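A look at the structure
Take a look at the letters that make up each chain.
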Amino acid sequence: MSDALARPTDAGTGAPPSSNAVVAVLAFAGIVVSLMQTLVIPIVPELPRLLDAPASDTAWAVTATLLAAAVATPVVGRLGDMFGKRRMLLVSIVLLVTGSVVCALSDALVPMIVGRALQGLASGVVPLGISIMRDELPAERLAGSTALMSASLGVGGALGLPTAALIADNFDWHVLFWASAAMGVIAFALVVSLVPESAVRTGGRFDLVGALGMATGLVSLLLAISKGADWGWTSGTTLGLFAAAVLVLLAWGVFELRTSQPLVDLRTTARRQVLVTNLASIAIGFSMFAMSLVLPQLLQLPEQTGYGLGRSLLTAGLVMAPSGLVMMATAPVSAAVSKAKGPKVTLMIGAVIVACGYGLNIALMSEVWHLVLVSCVIGAGIGFTYGSMPALIMGAVPASETAAANSLNTLMRSIGTSVASAIAGVVLSQMTISLGGYALPSESGFRTVMAIGAGAALLAFAIASFIPGRRPEVTAASAPAAAEPTAGAPSMK
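Thresholds, definitions, all that
- Residues numbered from 1 in each chain as written.
- Predicted model: local features only at pLDDT ≥ 70, side-chain atom pairs only at ≥ 80, totals over all residues.
- Heavy atoms only, no water.
- pLDDT = per-residue confidence, 0-100.
- Contact = heavy atoms within 4.5 Å.
- Helix = DSSP H or I, 4+ residues; strand = E, 2+ residues; numbered from the N terminus.
- Buried < 20%, exposed > 50% of the residue type's maximum accessible area, 1.4 Å probe, protein only.
- Polar contact = N/O pair within 3.5 Å; in protein donor to acceptor, adjacent residues only side chain to side chain.
- Pairing = 2+ DSSP bridges.
- Expected span 1.5 Å × (residues − 1).
- Axes fitted to C-alpha atoms, helices over the stretch in contact; angles between N-to-C directions.
- Left-handed = near helix turned anticlockwise from the far one by under 90°.
- Nonpolar A, V, L, I, M, F, W, Y, C, P; charged D, E, K, R; others polar.
- Parallel < 35°, antiparallel > 145°, perpendicular 65-115°, else oblique.

**Quick word on the confidence of the model for the protein**
Here the protein averages 84 in pLDDT, and 91% of its residues register 70 or above. Between residues 11–15, whose pLDDT stays under 50, and residues either more than four places distant or in other chains, the model counts 3 contacts.

**Some words on the side chain of N361**
Along the chain, the position of N361 falls in helix α16 (residues 343–363). For N361, a relative accessible area of 1% corresponds to the buried category. Of the polar contacts made by the side chain of N361, one reaches the backbone oxygen of L364; its length is 3.2 Å. Apart from the residues within four sequence positions on either side, N361 is in contact with V294, L295, L371, V374 and M450.

**Regarding the pairing of strand β2 (residues 438–441)**
Two strands pair when backbone bridges link them, and strand β1 (residues 432–435) and β2 are joined in this way by 4 bridges, in the antiparallel orientation. Following the sheet pairing, L435 is matched in β2 by Y438. The antiparallel pairing of β1 with β2 creates a hairpin that spans 2 residues between the two strands, and G436 there sits at a positive phi of about 60°.

**Regarding helix α18 (residues 402–430)**
End to end, α18 covers 43 Å across 29 residues, agreeing with the expected 42 Å (1.5 Å per residue, within 8%). With 21 of its 29 residues buried, α18 lies for the most part within the structure.

**What to know about the packing of helix α8 (residues 125–136) against α18**
Where α8 contacts α18, the axes come no closer than 8 Å and their chain directions differ by 145°. Crossing angle aside, the handedness with which α8 passes α18 is right-handed. Mapping the contact onto sequence places P127, L128, I130, S131 and R134 in α8 and T402, A403, N406, S407 and T410 in α18. Tallied by class, the residues present in the contact of α8 with α18 amount to 4 nonpolar, 5 polar and 1 charged.

**Side note on the packing of helix α2 (residues 19–34) against helix α9 (residues 139–170)**
Packing of α2 against α9 leaves a shortest axis separation of 7 Å and a crossing angle of 25°. In terms of their interaxial angle, α2 and α9 are classed as roughly parallel. When you trace α2 past α9, the crossing you get is right-handed. Across from S19, N20, V23, L26, A27, G30, I31 and S34 in α2, the residues of α9 making contact are R141, S145, L148, M149, S152, L153, V155, G156 and G157. Tallied by class, residues from the contact of α2 with α9 come to 8 nonpolar, 8 polar and 1 charged.

Right, dumping it as structure tokens:
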């Protein structure tokens, strides 16, 4: 990679790009990637007809993205630490564009699944962006910028649903993927033009065995969680996958502890601040996704149920959209609280706000404005929690391991969302009413899922209380020198 590409400058001035430009570009890239999670929701019911395949097979268009993201996030993070975070950011965006084009050109199941998997491989953009910020931004800008970048995960998901519904209602479904490809191209061009490459690298050898072991364990675990309801939770396939996940991940952990240059430094991960933050992230990821499962269904169920609001998918998306804007608006507030009281307090405040949002939803669910209010309250809480987690992680790891550590934290949230989807699916499939010969989720079923979401948020609060007290923030400038290997030098584990 040439020096000009590695160190971009503002056009016409020769000066390095401003911090504002770097933050804006990275946040935009994060939003583009997070859009992939909700991109296909409007057309999921139509996929069997569009792809001429049974519904059980077309569900892989969603599952493939989940599995690819789980595998790619920690691997890309480690590669970013080794070979350049910006370089791996660009590779991730290229994968997203490629996957989008494959989907846009497909009318059959297999290429659609391949394209969706390629889109999932781009999921490392957000943790890579946070890590670039740590390396490039001045200390006073870091907290607010990383909070915004982290919140882009929720912002993209919230804004993506109404946008995708609007496109699906008015254009051919392939336009969804052409639009995502176009946004990916724009993100790529902006990153090339405005985002510098960090000199902070570990170098060394990539842990291929560790990557394969982690991929096998995670795919087994998430496949069992995501497909267990379809296959049966006590079926041989589901139980076999759970057993394989446990055995493979245990063996992987032993291997990682013994190798000199592991994919994931488990000794760093076992530090109290990192470990407890990751455990809290699983609970927060669960809480966030519970809202995404409940509110759209309540809005779209027929009014004859007595609690459904009979609205269109587009309306449901518009109801959810303000939560994304609230997440973005709370990012600087989250950063201010973290600066004043520490990110541990910010995380705990956010968890309480999320729990209050679900409690509010249990009481208020009969009007559209009720659900707008609930989504905004929960969105504010998520903005606080997502803003605090990168600060907690970066405060406990050297800059040379930032991308890998942030990627693992993102993976923990993804595991939480997957578990939420499985548990909510079980609850809503068991607690039903009959209407017109169809079994629909009951009002008590929705309230139960909301109560579980509130409980998960309170669990995150309790877990976060075990995070060590506030310490001076570790920034790119203040990280211990001993933890900063020179560019190209192998990391000492």
